[in-house]
Amino acid sequence: MSAVQTVESRRAPHGAAPAGRLFVLDLSGGHVLSMNPDGSGKKILVSDCRWPDGIAVDVDAGHIYWTNMGNPKQNDGSIERVDIDGRNRVTIVPQGATFTPKQLHLDKVNRKIYWSDREGMRVMRANLDGSNIETLVQTGAGAADRLDATRWCVGITIDPKREHIYWTQKGPDDAGLGRIFRANIEIPKGETPANRSDIEVWFDRLPEPIDLEFDPANRIMYWTDRGDPPRGNTVNHAFVDASPKTSTPVIVFDHLMEGIGIALDVPGDRMFMTDLAGSIYCATLNGSKKQTLLAAQGNLTGIAYVELPTKEK
C-alpha cells in the first residue's frame, strides 16, 4: 500500500465533507470573492484591492485577512482585514511596513499573522491587529539583492507541534532554483533574522514553488509550483517528518496554468487550487476526482476554505 493510501485510510471518505465556503482573491480585478465549494454563488465582498495575493479567514472572530502586493518597485505593500460579510474594512499593516507581502498564514492560537515579503526578502509576522510587526528571516538587503529572485520569499505556513516555520523562495521563472526552507519560529538567542543558524533547506532544485498548506493531523505539507512541466504547474506533497535526503515530493495534481493558491479541507478529503489563468480546481487529497469549478475568472491568487455557521453562508 502506498503512503498516500495509508494516509487516506485515516480520513473521512470523499463526499462526506460538510458544507463550507471558499474565499478567493482576484488579482486582475482587485477583488475578494466568496463562493460555495462547488463554485456557485460567487459574490464580490471587497473591491479596489491593490494586487491582492494571500488570504486567511478567522471564522471565530468573523474576519478575513489579505495581503496587497502593491507596486513591487515602490515598497507600498499592505495587509487589510474585513468582516466576513464584507463590512468594516480596515488596514492593519500600512503601506511601507511591508514591501511586497505574499501568502498569509493565520495562527489563531497565538493570535498572530505570518506572511512572506517577496521584494522585502523576508519572513514576517504581527499581532492580529497589525501591531508588533517583526521580521523573522531576512534573506537579503538593498536594491542589488532585490534583483536576485532566489532571495524572494513567497509561500508560508507553520508547524505548531514542532514550532517550525516553513517558507518558499521561488527563484527566477522556470529556473529550477526554487527552495523550501524551515526554521524554528523564534529566532535563536543572540542571533538576528539575517544570520540565523537554525535555517534548513527542506527541498531544493524545485521548478518554482509558490504557496504552502500544511495538514498537521497527517504531518503532510502541500504546495503549488508554477514552474515548467512536468514537475511544474503542479501540486506536490511530502511528509514533514521524513528526511529530505530520503524523501521525494509526490506530484498529486498537474496541468495548472501558473498555479498559485491552495487550500485544504482535510476532513472532507479535498483540496482547492487557483491559477493565474483564472481557474479554480478541486480534487481529493491524493489528486483523484479532479474538477474544474470555474474558469476564465481573471488572474486568481490566494484561496481559503472554511466552514461557516449556516446563517453566514
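A quick note: this is a predicted structure, and the numbers were derived from the prediction, not measured. (Residues numbered from 1 in each chain as written. Predicted model: local features only at pLDDT ≥ 70, side-chain atom pairs only at ≥ 80, totals over all residues. Heavy atoms only, no water.)

Undergrad: Would you mind going over unusual backbone geometry with me for this structure?
TA: With the exception of glycine, the majority of residues adopt a negative phi angle, and the majority of peptide bonds are in the trans configuration. Here Pro 229 and Pro 230 are connected by a cis peptide whose omega angle stands at 5°. Structurally, Pro 230 is set in the loop between β17 (220–225) and β18 (234–239). Its identity as a non-glycine residue notwithstanding, Arg 205 has a phi of 55°, on the positive side. Considering the arrangement of structural elements, one finds Arg 205 in strand β15 (residues 200–206). Judged by relative accessible area, which is 59%, Arg 205 ranks as exposed. Of note, the phi angle at Asn 233 is positive, near 55°, even though the residue is not glycine. Inspection of the secondary structure assignment puts Asn 233 in the loop between β17 and β18. (Helix = DSSP H or I, 4+ residues; strand = E, 2+ residues; numbered from the N terminus. Buried < 20%, exposed > 50% of the residue type's maximum accessible area, 1.4 Å probe, protein only.)

Undergrad: I tried to follow the layout of surface pockets on my own but got confused; where do I start?
TA: Unoccupied space between atoms shows up once a probe the size of one water molecule is rolled over them. Of the volumes computed, that of the largest pocket is approximately 950 Å³. His 105, Leu 106, Glu 213, Phe 214 and Tyr 305 are, among the 36 residues lining the largest pocket, the residues nearest its centre. Listed by contribution, the elements that provide at least two residues to the lining of the largest pocket are β4 (52–58), β8 (101–107), β12 (153–159), β16 (209–215), β20 (259–265) and β24 (300–306). Grouping the constituent residues of the lining of the largest pocket by class yields 22 nonpolar, six polar and eight charged. (1 Å grid on protein atoms, 1.4 Å probe; cavity = no way out; pocket = protein on both sides within 12 Å on 5 of 7 lines; lining within 4 Å. Points joined across faces, edges and corners; volume = space filled by probe spheres on them. Nonpolar A, V, L, I, M, F, W, Y, C, P; charged D, E, K, R; others polar.)

Undergrad: Can you walk me through the sheet that holds β15 in this structure?
TA: One key point about sheets: their strands pair by backbone hydrogen bonds, in either a parallel or an antiparallel sense. Spatially, the four strands line up as an open sheet ordered β12-β13-β14-β15, and their pairing is antiparallel. Because the sheet does not close on itself, it has two edges, and the strands there are β12 and β15. The mean angle between the axes of side-by-side strands here comes to 15°, regardless of whether they run parallel or antiparallel. With six bridges connecting them, strand β13 (residues 164–169) and strand β14 (residues 178–184) associate as antiparallel partners. Looking across to β14, one finds that Trp 167 is bridged to Phe 181. (Pairing = 2+ DSSP bridges. Axes fitted to C-alpha atoms, helices over the stretch in contact; angles between N-to-C directions.)

Nothing here speaks to function; it is all geometry.
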